[in-house]
Amino acid sequence: VNRLFAADLIREASDNGNDWCDLGTGTGLIPIEICRHRNDVRILAVDAAITMLELARYRIEAAGLIGRIQLHHDDIKSNRLQSDYFDCVFSNSLVHHLPEPTHFFSQALRILRPGGLLFVRDLFRPAQESELEAIVSQIAHSESEAGQQLLRQSLRAALSIDELHMLLASLGIPSHCAGQTSDRHWTLIYRKAT
């Protein structure tokens, strides 16, 4: 999943600059994957959980990428990141964890420079409970009941595609920039106006 996300992002950001930001980096796997394929980028990897950043630091050191991936403990709500700075802002599977996703998107747009790329992927909430259960059965059939329940909760907490489009429209992002890209994911690909 991380390799696919990184490959899709790299393809979309082929002409973007060098300063990238990962919001909700978790254990840093996606920045590592990106840096293995793009030796011209620097990534600020942001997460609100110190435990995740400690794991990320270990992985980044092991990959020999300390000079290219900088870890930053912060909450996107803090407004501490510089406006109009990053050439590419990306995030994977964070939005469904947030109580106010509109604030996340507005902050991501704020730190993105004009002409920069916003690339976000997350789960979407299926329209029917039977669809949700089919996804859980397909994806997490070999997981424990607790693991299956975590996936159920994540899918239930996610935005529907219609909710996503309404949220993005409130920020001036056209609906054609975001859509379903797998049986359980949506992807937003948006270039900020210059």
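Preceding block: the structure.
We now turn to the structure provided with this report. Everything quoted here is computed from the prediction, not taken from an experiment.

Bringing the pattern of salt bridges into the picture now. A side chain with one charge may pair with a side chain of the opposite charge, provided their charged atoms come close. Enumeration according to the criterion identifies 16 salt bridges in this entry. Residues arginine 113 and aspartate 87 are paired through a salt bridge, measuring 2.4 Å at the closest nitrogen-oxygen approach. Of this pair, arginine 113 sits in strand β5 (residues 112-123) while aspartate 87 sits in strand β4 (residues 86-92), and the two are 26 residues apart along the sequence. The exposure class of aspartate 87 is buried, given its relative accessible area of 10%. With its nearest N and O atoms 2.8 Å apart, the salt bridge here joins glutamate 133 to arginine 152. With a gap of 19 residues between them, glutamate 133 in helix α5 (residues 129-140) and arginine 152 in helix α6 (residues 145-157) connect regions that are remote in the sequence. Residue class for glutamate 133 comes out partly exposed when judged on its relative accessible area of 27%. For arginine 152, a relative accessible area of 11% gives the class buried. Among the charged side chains, a salt-bridge network with shared partners connects Glu129, Glu133, Glu145, Arg152 and Arg156.

With 13 residues, helix α3 (residues 50-62) extends 18 Å between its outermost C-alpha atoms, agreeing within 8% with the 18 Å of an ideal straight helix rising 1.5 Å per residue. The set of residues buried in α3 consists of Leu53, Ala56 and Ile60. Down the axis of α3, the buried side of the element spans an arc of 55 degrees, and every buried residue falls inside it. Looking at α3, the residues exposed on the side facing more than 90 degrees away from the buried face are Thr51, Glu54, Tyr58 and Ala62. Against the buried residues of α3 lie α2 (29-37), β2 (42-47) and β3 (69-73). At the C-terminal side of α3, glycine 64 shows a positive phi close to 70 degrees.

For β4, a buried count of seven out of seven residues is recorded, marking the element as mostly surrounded by other parts of the structure. Looking at chain direction, strand β1 (residues 19-23) and β4 are connected through three bridges and run parallel. By the bridge assignment for β4, cysteine 21 is matched with valine 89. As paired elements, β4 and β5 share six bridges and run parallel to each other. Bridging across to β5, phenylalanine 90 finds its partner in phenylalanine 119. At this point the chain moves from β4, through helix α4 (residues 101-111), to the parallel β5, and the crossover so formed is right-handed.

What follows concerns the layout of surface pockets. Roughly 1,100 Å³ of internal volume is contained in the largest pocket. With four residues, α6 is the largest single contributor of residues to the lining of the largest pocket.

Viewed as axis vectors pointing N to C, α4 and helix α7 (residues 161-170) meet at an angle of 45 degrees, and their least axial separation amounts to 10 Å. Of the possible angle classes, the one that applies to α4 and α7 is oblique. Judged by the sense of rotation from one axis to the other, the crossing of α4 with α7 is right-handed. Contacts between α4 and α7 involve Pro101, Thr102 and Phe105 on the former and, on the latter, Leu164, Leu167 and Leu168. Taken together, the residues of the contact of α4 with α7 sort by class into five nonpolar, one polar and no charged.

This part takes up unusual backbone geometry. Positive phi is not limited to glycine here, since asparagine 79 has a value of about 65 degrees. Assignment of secondary structure puts asparagine 79 in the loop between β3 and β4. Accessibility expressed as a relative area gives 44% for asparagine 79, which makes it partly exposed. Phi at serine 93 is positive, roughly 60 degrees, even though this residue is not glycine.

This structure, assessed with the given rule, holds six aromatic pairs. Measuring from ring centre to ring centre gives 4.9 Å for tyrosine 85 and phenylalanine 86, while their planes differ by 85 degrees; the resulting arrangement is edge-to-face. Note on tyrosine 85: relative accessible area 36%, which makes it partly exposed. Judged by its relative accessible area of 6%, phenylalanine 86 falls in the buried class. Look at phenylalanine 104 and phenylalanine 105: their rings are 5.1 Å apart centre to centre, the planes differ by 75 degrees, and that puts the pair in the edge-to-face class. Grouping residues by exposure puts phenylalanine 104 and phenylalanine 105 together as buried.

The rules we used
Residues numbered from 1 in each chain as written. Predicted model: local features only at pLDDT ≥ 70, side-chain atom pairs only at ≥ 80, totals over all residues. Heavy atoms only, no water. Salt bridge = Lys/Arg side-chain N within 4 Å of Asp/Glu carboxyl O. Helix = DSSP H or I, 4+ residues; strand = E, 2+ residues; numbered from the N terminus. Buried < 20%, exposed > 50% of the residue type's maximum accessible area, 1.4 Å probe, protein only. Expected span 1.5 Å × (residues − 1). Arc of directions from axis to C-beta. Contact = heavy atoms within 4.5 Å. Pairing = 2+ DSSP bridges. Right-handed = clockwise from strand over helix to strand, strands pointing away. 1 Å grid on protein atoms, 1.4 Å probe; cavity = no way out; pocket = protein on both sides within 12 Å on 5 of 7 lines; lining within 4 Å. Points joined across faces, edges and corners; volume = space filled by probe spheres on them. Axes fitted to C-alpha atoms, helices over the stretch in contact; angles between N-to-C directions. Parallel < 35°, antiparallel > 145°, perpendicular 65-115°, else oblique. Left-handed = near helix turned anticlockwise from the far one by under 90°. Nonpolar A, V, L, I, M, F, W, Y, C, P; charged D, E, K, R; others polar. Phe/Tyr/Trp six-rings, centres within 6.5 Å; stacked < 30°, edge-to-face > 60°.

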